[in-house]
2 protein chains.
Amino acid sequence: PVPEGYEPKSEASLAAYLSGVSAVAAHLGGAAGDWRVREVGDGNLNLVFIVEGPAGGVAVKQALPYVRLVGESWPLPLSRAHFEQMALATEAQHAPGLVPDILHYDQTLALIVMELLQPHIIMRQGMIKAVRYPGFVEAITTFMAGTLFGTSDLALTAEEKKAAMAEFCGNTALCKITEDLIFTEPYRIAENNRWTTPQLDGIAREFREDAALKVAVSRLKLKFLSEAQALIHGDLHTGSVMVTEDDTRVIDPEFAFYGPMGFDIGAVIANLLINYFSQDGHATPEDPRESYQDWVLAATEGVWTGFRAKFLALWRNGATGDAYPAALFADTAGAEALKAEQEAYMDRLFTDSVGFAAAKMIRRILGLAHNIDLEWIEDLDRRAACETRCLRLARDMMVNRANYPTIEAVTAAARKMRDAA
Amino acid sequence: PVPEGYEPKSEASLAAYLSGVSAVAAHLGGAAGDWRVREVGDGNLNLVFIVEGPAGGVAVKQALPYVRLVGESWPLPLSRAHFEQMALATEAQHAPGLVPDILHYDQTLALIVMELLQPHIIMRQGMIKAVRYPGFVEAITTFMAGTLFGTSDLALTAEEKKAAMAEFCGNTALCKITEDLIFTEPYRIAENNRWTTPQLDGIAREFREDAALKVAVSRLKLKFLSEAQALIHGDLHTGSVMVTEDDTRVIDPEFAFYGPMGFDIGAVIANLLINYFSQDGHATPEDPRESYQDWVLAATEGVWTGFRAKFLALWRNGATGDAYPAALFADTAGAEALKAEQEAYMDRLFTDSVGFAAAKMIRRILGLAHNIDLEWIEDLDRRAACETRCLRLARDMMVNRANYPTIEAVTAAARKMRDAA
Ligand SMILES: Nc1ncnc2c1ncn2[C@@H]1O[C@H](COP(=O)(O)OP(=O)(O)O)[C@@H](O)[C@H]1O
Ligand SMILES: Nc1ncnc2c1ncn2[C@@H]1O[C@H](COP(=O)(O)OP(=O)(O)O)[C@@H](O)[C@H]1O
Ligand SMILES: [Mg+2]
Ligand SMILES: [Mg+2]
Ligand SMILES: [Mg+2]
Ligand SMILES: [Mg+2]
Ligand SMILES: [Mg+2]
């Protein structure tokens, strides 16, 4: 049900609208006639315009009442814009400087005007060309530690957390996309699924008949449905990260809700591993990718190691929430026991993250939405070889999670999977 | 902030109010002057009136803007009545016949008019006198399996569950009582705490210095804060059960919210075990309690065994929720794996329940709110002896949960603890 007054903006109509929003008009400078508007959305769901004026630029993101990629046959509520701007505001609070600023939000139009990230590009695009981002690990770990810790029971009182949680309970339509596309469809015959065919037909069938795998992914789905640990971004792949050589920003938190932290961490790890395996499809004798692959695995290790250290530091210095009340652990024995419990907490979170990473690696190869890291490998045999390695690792990570107690165990297994081939 | 129009009713003013509620007036029969009103509340929080007329009776429960037991110095929102009637309605749906019917709810007065349970008594009262309730296990397991399964991700779609969850997110003031009184204060110096003194001074101090115990209870607290598994009753002790020889009803779900199922199951187990240990304080040569103690432990076993069987049966026959989608487990291998996973699910739930049971046993002896099972033992040495056994078992259950894989392990340990003394 589209509200009275909603209409999708076009390159032709957007400037006139923005000229009525004084903060935005001032930011752009000049008048509507001076502004250059381009629709640049490359995502699956929404319209995104870049608007440039004499004094500055903005990005304008507008939700459509359906999935952009598919059309009106797949309706999706406009409210996702509401949840996105709420999540952006929360993230800005806990990870300042790491998300675009919001200049304006129009509830009726489901439209967000935000800081134009320029000359940023989508990180995935750079990684496909083997570009290194020396600031990425630092930024993404600060982002994840800040947002996940800051919205958890370790930082918030139960009252604060439940109030925020209730607000995000309405974002079920977006959650359902995740529930279906990540945790269910790749493991059954489903119209949405696609894969490199016929090369992957066998492994796709194998996965559909793999009872241990289906139990494992369903257990993760249950966690996604019921564990309200923190406000998670919900779509934290390398296509939601915009970078320059020295700036990193996280965009597109429209899937945000109170869910399991490991889902975000796993998303980052999964997308790095996918890129790692994809490099063998892009390498040429003139452009070998092995040293880049080393960088990708080092970054993967850095993501967990950095996140863990920062999360623990926040816990040590800002445990203002209702969980693990400081008063119980003030004596020496208590302080020591709490320290051990914090390590155990991180270990449990790592195990979750490995599982969620595996689920995301699989869905990007057997499900609806694929990654251009792999998709851009034109030779289908070569692509399928990369994909198969990625799938085999993911299957083992998900089913035999005890074999992956550390991030080094994950990266070693990735390396072994690739080198054995 | 008390709403305009709120006022606490009294025995003198209630009949006039009820005469204006036609459904209630009709149920009572006659006119207001014919009605007998008695305030009977024995709980800690609210007013409860019994009103009897020529044609029938009702129970009227009204929230006060503070904790009844303490007074205005401890404010508590009236909204608990709203959550109680919502929970009662949900429970009635999933466990028909096991809760009182609601005749009327007045939001402004925070007042619920419900079915008068008569000649029911509070089960705890009967158990102190060693009365057996042959229908209890059957009823409470039906109640728990029905309400917990029916509001979980196994029965509800994510959208249905999140909508219900959001509504109960507002019940934080009641949750906070649990968070403080059960999971925190008994493990630290706190004004609210009390215990049989000086007999228990030593063990109380021991517990406050027991780092492993404080970590374990804090991990349970985190689960309480973040695991939204199902709509739980939240206060499911034997004082929230009203019984006759052949009818059992669950009352008083004002603490309801989406939380960990094990909290309810643990509450029932804990209160049975407390009664078990208390019997040695009530036994006399003329009134030995050993065979009653056998009944209590058999009931404890029946609570878990019956719950488990019924929950699994519901899962097999009514898995209409988004978790563990049936489509993934339709083939033979899938069906077998799902069956094994269901057993594993119940094992995890049992482990949670043991932990929560332990937390409740401890809070009833070292925290603010005590059970009359123990409190009515007048000889303080004798009472302290019973309490110490209960505390020692609880401490072991909470810290060494792996030693309690089955309910029989729990009851055997209870028996051993008692017999060793
Ligand atoms: N603040 C911004 N500055 C510059 N470009 C942006 C900005 N936000 C989005 N974009 C561009 O728009 C694309 C789609 O944005 P995104 O938020 O991911 O939309 P969707 O939800 O449809 O995936 C991004 O890949 C990026 O190229
Ligand atoms: N429906 C009822 N029928 C008869 N007595 C009731 C009913 N509901 C409550 N009572 C009586 O009132 C007492 C307090 O009710 P309860 O709901 O437990 O209040 P509180 O929330 O204050 O603990 C019960 O112990 C019981 O004696
Ligand atoms: Mg996007
Ligand atoms: Mg998006
Ligand atoms: Mg009560
Ligand atoms: Mg009550
Ligand atoms: Mg005996």
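The rules behind each value
- Residues numbered from 1 in each chain as written.
- Chains lettered and ligands numbered in written order.
- Predicted model: local features only at pLDDT ≥ 70, side-chain atom pairs only at ≥ 80, totals over all residues.
- Heavy atoms only, no water.
- UniProt positions renumbered as here; feature names shortened; annotations may be inferred.
- Helix = DSSP H or I, 4+ residues; strand = E, 2+ residues; numbered from the N terminus.
- Rg over C-alpha atoms; globule rule 2.2 N^0.38 Å.
- Buried < 20%, exposed > 50% of the residue type's maximum accessible area, 1.4 Å probe, protein only.
- Contact = heavy atoms within 4.5 Å.
- Lys, Arg positive; Asp, Glu negative; His and termini not counted.
- Charge placed at Lys NZ, Arg CZ, Asp CG, Glu CD.
- Domains from an automatic or database assignment.
- Buried area = accessible area lost by both parts, 1.4 Å probe.
- Salt bridge = Lys/Arg side-chain N within 4 Å of Asp/Glu carboxyl O.
- Polar contact = N/O pair within 3.5 Å; in protein donor to acceptor, adjacent residues only side chain to side chain.
- Nonpolar A, V, L, I, M, F, W, Y, C, P; charged D, E, K, R; others polar.
- Near = heavy atom within 4 Å.
- Areas by Shrake-Rupley, 256 points an atom, 1.4 Å probe, with all protein chains shown as cover.
- Donors = N, O, S within 2.8 Å, 3.2 Å for Na, K, Ca; no water.
- Pairing = 2+ DSSP bridges.
- Phe/Tyr/Trp six-rings, centres within 6.5 Å; stacked < 30°, edge-to-face > 60°.
- Core = buried A, V, L, I, M, F, W, Y, C linked by side-chain atoms within 4.5 Å.
- Expected span 1.5 Å × (residues − 1).
- Axes fitted to C-alpha atoms, helices over the stretch in contact; angles between N-to-C directions.
- Parallel < 35°, antiparallel > 145°, perpendicular 65-115°, else oblique.
- Left-handed = near helix turned anticlockwise from the far one by under 90°.
- Least-squares fit on C-alpha atoms with pLDDT ≥ 70 in both.

- Under the annotation held in an unreviewed UniProt entry, chain A carries the name S-methyl-5-thioribose kinase and is attributed to Symbiodinium necroappetens.
- A UniProt comment under Sequence similarities (unreviewed entry) is attached to chain A, and it reads "Belongs to the methylthioribose kinase family."

### Observations concerning the overall build of chain A
Item 1. Secondary structure assignment for chain A yields 15 helices and twelve strands.
Item 2. For 421 residues, the compact-globule estimate of 2.2 N^0.38 gives 22 Å, and chain A sits close to it at 22 Å.
Item 3. For the C-alpha atoms alone, the extent of chain A along its principal axes is close to 60 × 60 × 40 Å.
Item 4. Each of the 421 residues in chain A was classed as buried or not, and the buried ones make up 60%.
Item 5. In chain A, 75% of the contacts between residues at least 6 apart in sequence involve partners at least 24 apart.
Item 6. Considering chain A, the positive charge centre built from 39 side chains and the negative charge centre built from 56 side chains are found 5 Å apart.

### Some thoughts on the UniProt feature "domain: Aminoglycoside phosphotransferase" (unreviewed entry) in chain A
Item 1. According to UniProt, the feature "domain: Aminoglycoside phosphotransferase" (unreviewed entry) maps to residues 37–275 of chain A in the numbering used here.
Item 2. Taken end to end, residues 37–275 of chain A is 41% helix and 20% strand, and its first and last C-alpha atoms sit 32 Å apart.

### With respect to the domain arrangement of chain A
Size of an interface, as often reported, equals the accessible area lost when the parts are brought together.
Residues and elements named next belong to chain A.
Item 1. Partitioning chain A into structural domains gives domain 1 (14–115) and domain 2 (121–420).
Item 2. Each of domain 1 and domain 2 has a C-alpha centre, and the two are 27 Å apart.
Item 3. Counting residues at the interface gives 23 residues for domain 1 and 31 residues for domain 2.
Item 4. Three residues stand out in domain 1 for area buried against domain 2, namely Phe83, His94 and Leu98, and they jointly supply 28% of the buried area on that side.
Item 5. Linking domain 1 with domain 2 are three salt bridges.
Item 6. Here Asp252 ties to Lys61 by a salt bridge, and the two come within 2.6 Å at their closest N and O atoms.
Item 7. Connecting domain 1 to domain 2 are seven residue pairs in polar contact (both at pLDDT 80 or more).
Item 8. Per-element tally for the side of domain 1 that touches domain 2: the top contributor is helix H3 (residues 79–94), with nine residues.
Item 9. Along the lines of polarity and charge, the residues of the side of domain 1 that touches domain 2 split into twelve nonpolar, five polar and six charged.

### Examining the site of ligand 2
Residue and element names in this part refer to chain B.
Item 1. Looking at ligand 2, there are 17 residues lining it, with Asp42, Asn46, Lys61, Leu117 and Glu254 nearest.
Item 2. One of the side-chain nitrogen or oxygen atoms of Asn46 is found 2.7 Å away from an oxygen atom of ligand 2.
Item 3. Glu254 is positioned with one of its side-chain polar atoms (N or O) 2.6 Å from an oxygen atom of ligand 2.
Item 4. When isolated, ligand 2 has an accessible area of 550 Å², and the protein chains bury 93% of it.
Item 5. When residues of the shell around ligand 2 are traced back to their parent elements, those giving at least two are strand S3 (57–62) and strand S7 (111–115).
Item 6. Split by residue class, the shell around ligand 2 holds nine nonpolar, three polar and five charged.

### Section: the coordination of the magnesium ion (ligand 6)
All names here are of chain B.
Item 1. Only Asp252 (OD), Asp252 (OD) and Glu254 (OE) from the protein reach the magnesium ion (ligand 6) as donors, at distances of 1.9 to 2.3 Å.
Item 2. Between the magnesium ion (ligand 6) and the magnesium ion (ligand 5), both coordinated by Asp252, there is a metal-metal distance of 3.5 Å. The burial state of Asp252 is the same as that of Glu254; both residues are buried.

### Brief notes about the sheet that holds strand S11 (residues 248–250) of chain B
All names here are of chain B.
Item 1. Strand order in the open sheet formed by three strands is S8-S10-S11, with antiparallel pairing between adjacent strands. Single-partner strands in this sheet number two, and they are strand S8 (121–122) and S11.
Item 2. As judged from the two bridges shared by S8 and strand S10 (residues 241–243), these two strands associate in the antiparallel manner. Residue pairing in the sheet places Ile122 in a bridge with Met242 of S10.

### Observations concerning the coordination of the magnesium ion (ligand 4)
Item 1. Looking at the magnesium ion (ligand 4), one finds its protein donor set to be Asp252(A) (OD), Asp252(A) (OD) and Glu254(A) (OE), positioned 1.9 to 2.3 Å from the metal centre.
Item 2. Distance-wise, the magnesium ion (ligand 3) is placed 3.5 Å from the magnesium ion (ligand 4), both being coordinated by Asp252(A).

### Some points on the site of ligand 1
All names here are of chain A.
Item 1. In the vicinity of ligand 1 lie 17 residues, with Asp42, Asn46, Lys61, Leu117 and Glu254 positioned nearest.
Item 2. Taking Leu117, its main chain carries an N or O atom lying 2.9 Å from a nitrogen atom of ligand 1.
Item 3. In the environment of ligand 1, an oxygen atom lies 2.6 Å from a nitrogen or oxygen atom belonging to the side chain of Glu254.
Item 4. Computed on the free molecule, ligand 1 has an accessible area of 550 Å², of which 93% lies beneath the protein chains in the complex.
Item 5. Of all elements in the fold, only strand S2 (46–52), strand S3 (57–63) and strand S7 (111–115) reach the threshold of two or more residues within the shell around ligand 1.
Item 6. Of the residues in the shell around ligand 1, the class split is nine nonpolar, three polar and five charged.
Item 7. Composition of the shell around ligand 1 by domain shows at least three residues from each of domain 1 (14–115) and domain 2 (121–420).

### Quick notes on the packing of aromatic side chains
Each aromatic ring pair is specified by the distance between its two centres and by the angle formed by the two planes.
Item 1. All told, the structure shown has 36 aromatic pairs over all chains when counted by the stated rule.
Item 2. Each ring, one from Phe224(A) and one from Phe263(A), has its centre 4.9 Å from the other, and the planes form 55°; the classification is tilted. With Phe224(A) in helix H9 (residues 211–226) and Phe263(A) in helix H10 (residues 261–282), the pair connects residues that are 39 residues apart, well separated along the chain.
Item 3. Phe224(A) sits in the buried class, given a relative accessible area of 2%.
Item 4. Here Phe263(A) falls in the buried class, since its relative accessible area comes to 0%.
Item 5. With 5.6 Å between their ring centres and 75° between their planes, Phe263(B) and Phe356(B) make a pair best called edge-to-face. Residue Phe263(B) is located in helix H10 (residues 261–282), and its partner Phe356(B) is located in helix H12 (residues 332–366); the two are separated by 93 residues in the primary sequence.

### Details of the nonpolar core
Burial of nonpolar side chains together is a common tendency in soluble globular proteins.
Item 1. Counting 223 residues, the largest nonpolar core has Phe311(A) and Phe311(B) as the members making the most contacts within it.
Item 2. Here Phe311(B) is in contact with Ala145(B), Leu148(B), Phe149(B), Leu154(B), Met261(B), Tyr345(B) and Met346(B), once residues within four sequence places are set aside.

### Considering H10(A)
Item 1. Between its terminal C-alpha atoms H10(A) stretches 32 Å, which fits the 32 Å expected from 22 residues at 1.5 Å a residue.
Item 2. Among the 22 residues of H10(A), 22 are classified as buried, and the element is accordingly described as predominantly covered.

### Re the environment of Gly56(B)
All names here are of chain B.
Item 1. With respect to the helices and strands, Gly56 occurs in the loop between strand S2 (47–52) and S3.
Item 2. According to the relative accessible area criterion, Gly56 is buried, its value standing at 18%.
Item 3. In this structure the C-alpha to C-alpha distance between Gly56 and Gly30, which are 26 residues apart in sequence, comes to 9.9 Å.
Item 4. With sequence-adjacent residues up to four places away left out, Gly56 is seen in contact with His27, Leu28 and Val51.

### What about the packing of helix H7 (residues 172–181) of chain A against helix H6 (residues 158–168) of chain B?
Item 1. Relative to each other, H7(A) and H6(B) sit at 140°, their axes nearing to 10 Å. Taken together, the axes of H7(A) and H6(B) lie oblique to each other. With respect to the hand of their crossing, H7(A) and H6(B) are arranged in right-handed fashion. Only Ala158(B), Glu159(B) and Lys162(B) of H6(B) make contact with H7(A), whose side of the interface consists of Thr172(A), Cys175(A) and Glu179(A).
Item 2. Grouping the amino acids of the contact of H7(A) with H6(B) by side-chain chemistry returns two nonpolar, one polar and three charged.

### Some thoughts on the relation of the copies chain A and chain B
Item 1. For the pair chain A and chain B, the best superposition has an RMSD of 0.0 Å and corresponds to a rotation of 180° with a translation of 0.0 Å parallel to the axis. This pairing of chains is accounted for by a two-fold axis.
Item 2. Looking at chain A, 100% of its interface residues are interface residues in chain B too, so the copies touch through the same face.

### Some words on the interface of chain A and chain B
Item 1. Listed per partner, the contact involves 46 residues of chain A and 46 residues of chain B.
Item 2. When the area that chain A buries against chain B is broken down by residue, the three leading residues are Lys162(A), Leu225(A) and Leu328(A), summing to 17%.
Item 3. On the surface where chain A and chain B come into contact, there are four salt bridges.
Item 4. Of the charged contacts in the structure, one is a salt bridge between Asp331(A) and Lys214(B), with a shortest N-O distance of 3.6 Å.
Item 5. If you list the elements that add at least two residues to the side of chain A that touches chain B, you get helix H6 (158–168), H7, H9 and helix H12 (332–366) of chain A.
Item 6. By residue number, the principal contributor to the side of chain A that touches chain B is H9(A), which donates ten residues.

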